[in-house]
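# Breakdown of the fold
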Amino acid sequence: MILYRLFIFLFLAGMCFLILICSPGIRFTENNNHRWTKAVEPISFQPSQDLASNQITGELWESSTDCKTCHENIYENWSKSRHNVAYSNPLYQVSHKKEPMAWCLNCHSPLMEPGNDPKDFSGRFQSEDGVSCITCHVRDGNILTAEIPKEPKGVHAYKEVSQMKESEFCGNCHQFNFPTIDSLSESKPLEYSNLPMQNTLEEWKESPYYPRKNCQSCHLFPKKKRSHSFSGGHDAEYLNQSFELELIPIIGNEFTIRVRGINIGHHFPTGDLFRSLRIRIKKEDGSFVDEIILKKHYIPSEKDASSKDAARVLYEDTSLNLFSKDSNYSVRDISWRYEGVERKLIYELEMDYQSGENHFFNQLPYKETFRKFLKGQWILPEMSKDKG
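Residues numbered from 1 in each chain as written. Predicted model: local features only at pLDDT ≥ 70, side-chain atom pairs only at ≥ 80, totals over all residues. Heavy atoms only, no water.

### A closer look at the overall build of the chain
A count of helical and extended segments in the chain gives 12 helices and 15 strands. Residues classed as buried in the chain amount to 42% of the 388 residues present. When contacts within the chain are restricted to residue pairs at least 6 apart in sequence, long-range pairs at least 24 apart make up 60% of them. For the chain, the computed accessible surface area is about 22,000 Å², with 54% contributed by carbon and sulfur atoms. (Helix = DSSP H or I, 4+ residues; strand = E, 2+ residues; numbered from the N terminus. Buried < 20%, exposed > 50% of the residue type's maximum accessible area, 1.4 Å probe, protein only. Contact = heavy atoms within 4.5 Å. Areas by Shrake-Rupley, 256 points an atom, 1.4 Å probe, with all protein chains shown as cover.)

### So, the packing of aromatic side chains
The full count for this structure, using the stated rule, is 16 aromatic pairs. Look at Y366 and F370: their rings are 5.1 Å apart centre to centre, the planes differ by 25°, and that puts the pair in the stacked class. A relative accessible area of 46% means that Y366 is categorised as partly exposed. Residue classification places F370 among the buried residues on the basis of a relative accessible area of 14%. Through successive ring pairs, a cluster of aromatic residues spans F255, W336, Y338, Y347 and W378. Taking NZ or CZ as reference, R226 lies 4.1 Å from the ring centre of F221, over its face. (Phe/Tyr/Trp six-rings, centres within 6.5 Å; stacked < 30°, edge-to-face > 60°. Lys NZ or Arg CZ within 6 Å of the ring centre and 35° of its normal.)

### Side note on a positive patch on the surface
Side chains of R212, K213, K224 and R226 sit close together on the surface and give a patch of like positive charge. Tracing the sequence through the fold places R212 in the loop between α8 (200-205) and α9 (215-219). (Patch = residues over 30% accessible without salt bridge, like charges linked within 9 Å, V, L, I, M, F, W, Y side chains within 5 Å. Salt bridge = Lys/Arg side-chain N within 4 Å of Asp/Glu carboxyl O. Lys, Arg positive; Asp, Glu negative; His and termini not counted. Charge placed at Lys NZ, Arg CZ, Asp CG, Glu CD.)

### So, helix α3 (residues 72-79)
Residues of α3 that are buried include every one of Y75, N77 and W78, and no others. Summarising the axial view, the buried residues of α3 lie within an arc of 165°, below the 170-degree limit, and thus occupy one face. (Arc of directions from axis to C-beta.)

### Thoughts on the nonpolar core
Formed by 32 residues in total, the largest nonpolar core has its most connected members in F45 and F178. Secondary-structure elements contributing two or more residues to this core are α5 (102-108), α6 (133-137), β4 (142-145), α7 (167-174), β6 (175-179) and β7 (192-199). With residues up to four places along the chain from it excluded, the contact list for F45 reads R35, D50, L51, L111, M112, E113, P114, F125, I134, V138 and R139. If you look at the next biggest cluster of nonpolar residues, it comprises 28 residues, including L245, F268, W336 and W378. (Core = buried A, V, L, I, M, F, W, Y, C linked by side-chain atoms within 4.5 Å.)

Nothing here speaks to function; it is all geometry.
Below, the structure is given as structure tokens:
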């Protein structure tokens, strides 16, 4: 009798669960509060139900600009950030024109009204704002926040989403794999391969900063004047403070170039697969001596690759990824040989945001594709005559 009752209980519980997951309007994802799906699908957003309103005046807040009235500093920081131009920046627009995949929009213009076709790019909500205040903070008429203020002003309704304190929240768009070869066809559903395409979250977990600092600590700057500035790989001032270069004599013409990343909690470059860090070495008169490129280098998959494999494979990884466990540095040592006679050399560090192929075909302005951020000099030791 007891076993029979237990069977009935489990059966009814299972039926209730099935009814819930099949009911319209209810979706279970890894973060149902936010409707993020790791970029597999757009964020379902219905303005008539999701937009928040001023609880005092009843006024509907329809765009990020409406947040500026009370959050002017945060708004100004965000408006200058890459999040604001996630969709509209020339680098993305050129890439999207070349490979117009709806999947890319799920992070670059993620909001879409229910019933619209994900492949119809015009059906996205407020693409011009990229990853906006609304993208992260507005659902079901509430303002989503990692922590409800101790003394809320009662202007809008809050909903606490604890995951917003965690790096995993950022991982919704900064941690994903290459789509499978099958997925490159717009007629096939999106499916991820086993090869990371953006691996920033997992890189952080392998660093000495995990778990004592998270993404928000270094890029969001919560409760500070720089709050929501999202400084990173496009911020020259931020990059300038994040690197040191040292030339270490070994013997004769042999040197080690030591690249130090300061307080970088992941590989560098990270994120977009086309990014590279270029170290340019010149003479005092500006003439070229050498160039060293740090990046993850991907090449096309073999012709006989499985349809479930990624369309690319990682061929070489020269990115800055060797962490020192007892310091705030990541270090990469590069063996280097110099045959010249000049004793003073100039070095420059520059971010490159495109692959060589894209540079050739896209012809974007220099300021869109490169960013110099550090310049210095090395004084080489005098060579003794017996060492030539």
